[in-house]
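What follows is the residue order along each chain.
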Amino acid sequence: GAVDDVISNSKSALDAVVKLLKPLWNINLATYGDAGLQVSKSLKRNVPRGFQSSVEKLIKLIEASEPWFRKLRDIRTKTEHMGATIITPLGVTTVNGKLHKQYPKVENQILASEFVDIVYNNVFCFLQDFIVLSLSSRFFGGLVPVVTNAEKGTKRKFGVAIAKVE
């Protein structure tokens, strides 16, 4: 279904975006492996010492994404091996005269609202930030692409900044 497609395509997009590191840093990765830790380790190992500061923000972005990426990967793995993703319905029950709400969950693991947050807020914004930080890591001093509103939710605004050559 649609949820399965979103899960699969999110992982595929992450696998594709790491290909950007080949022309920039000569880092050839097949996938966004080990919840991104493979990518951050490759950057730490393969980017020359004199340029490590230029990939520092990218490495932090990747490492900060690990917890939500692991959740997405676990759901994707289960979906691929067990079939369609199960989403529980919203439910309301009465226990001792009190109403108890049961919110929809994806694979009985995470709330559907958290899943949507992972996909839309994390994956899509992460991809935008990854591209901008990757490109700016290879620019020399002068104008470099930046995310101008990184702290303000899902609608990204991009601009340029003047960066000092280090």
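Throughout, a residue's number is its position along its own chain's written sequence, starting from 1. Per-residue local features are limited, in this predicted model, to residues with pLDDT of at least 70; the limit for side-chain atom pairs, both in listing and counting, is 80 or more; totals at the level of whole chains, interfaces and linings are taken over all residues. Computation of side-chain values covers all heavy atoms of the structure but excludes hydrogens and water.

A. Representation of the overall build of the chain in the model. Helix and strand counts for the chain stand at 6 helices and 6 strands. In this description a helix means any DSSP run of H or I spanning at least four residues, a strand means any run of E spanning at least two, and both kinds are numbered starting from the N terminus. Ordered by position from the N terminus, the helices and strands of the chain form the series α-α-α-α-α-β-β-β-β-α-β-β. Partitioning the contacts of the chain with sequence separation of at least 6, the portion at a separation of at least 24 is 46%. Values of accessible area rely on a 1.4 Å probe in the Shrake-Rupley scheme; residue burial ignores everything except the protein chains shown. When the accessible surface of the chain is totalled, it reaches about 10,000 Å², and 58% of it is carbon and sulfur. Contacts are assigned to residue pairs with any non-hydrogen atoms lying within 4.5 Å of each other.

B. Geometry of the side chain of aspartate 15. Mapped onto the elements, aspartate 15 comes out in helix α1 (residues 2–17). Each residue's exposure class comes from its accessible area (1.4 Å probe, protein chains only) as a fraction of the maximum for that residue type: buried when under 20%, exposed when over 50%, partly exposed otherwise. In this structure aspartate 15 comes out as buried when scored by relative accessible area, which is 16%. Beyond its immediate sequence surroundings of up to four residues, aspartate 15 is in contact with Ala30, Thr31 and Tyr32.

C. Here's a closer look at a nonpolar patch on the surface. A cluster of nonpolar side chains, contributed by Leu90, Tyr103 and Leu111, occupies part of the molecular surface with about 300 Å² of accessible area. Relative to the helices and strands, leucine 90 resides in the loop between α5 (66–82) and β1 (91–95). Patch membership requires over 30% relative accessible area and the absence of a salt bridge. Like charges are linked within 9 Å, and nonpolar side chains (Val, Leu, Ile, Met, Phe, Trp, Tyr) within 5 Å. One speaks of a salt bridge when a side-chain nitrogen belonging to Lys or Arg is within 4 Å of a carboxyl oxygen belonging to Asp or Glu.

D. Here's a closer look at helix α3 (residues 37–46). Taken together, the buried positions of α3 are occupied by Leu37, Val39, Ser40, Ser42 and Leu43. Against α2 (21–25), α4 (52–64), α5 and α6 (112–138) lie the buried residues of α3.

E. Representation of the nonpolar core within the structure. Judged by nonpolar contacts, the single largest core of 33 residues is most densely connected at Leu21, Val39, Leu43 and Phe130. When residues of this core are traced back to their parent elements, those giving at least two are α1, α2, α3, α4, α5 and α6. A total of 8 residues in this core trace back to one element, the largest contributor, which is α6. Among residues more than four places away in sequence, those in contact with leucine 43 are Leu21, Trp25, Ile27, Gln52, Val55, Leu58, Ile59 and Ile62. In this description, a nonpolar core means a group of buried Ala, Val, Leu, Ile, Met, Phe, Trp, Tyr and Cys residues linked to one another through side-chain atoms lying within 4.5 Å.

F. Local environment of the environment of phenylalanine 158. Secondary-structure assignment places phenylalanine 158 in strand β6 (residues 158–163). In this structure, the C-alpha to C-alpha distance between phenylalanine 158 and aspartate 129, residues 29 residues apart in sequence, is 9.6 Å.

G. Region of interest: the packing of α5 against α6. Between the N-to-C directions of two axes lies an angle of 0 to 180 degrees, each axis being a line fitted to C-alpha atoms and, for a helix, fitted only over the stretch in contact. Interhelical geometry of α5 versus α6 gives an angle of 115 degrees and a closest axis separation of 10 Å. Here the hand of the crossing between α5 and α6 comes out left-handed. Of the residues in α6, those in contact with Trp68, Lys71, Leu72 and Ile75 of α5 are Glu114, Phe115, Ile118, Val119, Asn122, Val123 and Phe126. Nonpolar residues are Ala, Val, Leu, Ile, Met, Phe, Trp, Tyr, Cys and Pro. Charged residues are Asp, Glu, Lys and Arg, and all others, Gly as well, are polar. The class makeup of the residues in the contact of α5 with α6 is 8 nonpolar, 1 polar and 2 charged. Helix crossings get a hand from a simple test, with the near helix turned counterclockwise from the far one by less than a right angle marking a left-handed crossing and a clockwise turn marking a right-handed one.

H. Structural view of the packing of aromatic side chains. In this scheme Phe, Tyr and Trp rings, the latter by its six-membered ring, pair at centre separations within 6.5 Å, and the angle between planes marks the pair as stacked below 30 degrees, edge-to-face above 60, and tilted otherwise. In this structure the tally under the stated criterion is 6 aromatic pairs. Ring geometry for tryptophan 68 and phenylalanine 126: centres 5.8 Å apart, planes at 75 degrees, overall edge-to-face. One end of the pair, tryptophan 68, is in helix α5; the other, phenylalanine 126, is in helix α6, with 58 residues separating them in the sequence. Taking the relative accessible area as the measure of exposure, phenylalanine 126 reaches 3% and is therefore buried. Aromatic ring contacts, followed pair by pair, group Tyr32, Trp68, Phe69, Phe126 and Phe130 into a single cluster. To sit over a ring, a charge needs its Lys NZ or Arg CZ within 6 Å of the ring centre and within 35 degrees of the ring normal. When the ring centre of tryptophan 25 is taken as reference, the NZ or CZ atom of arginine 138 above it lies at 4.1 Å. Its end group placed over the ring of phenylalanine 51, arginine 138 keeps NZ or CZ at 5.5 Å from the ring centre.

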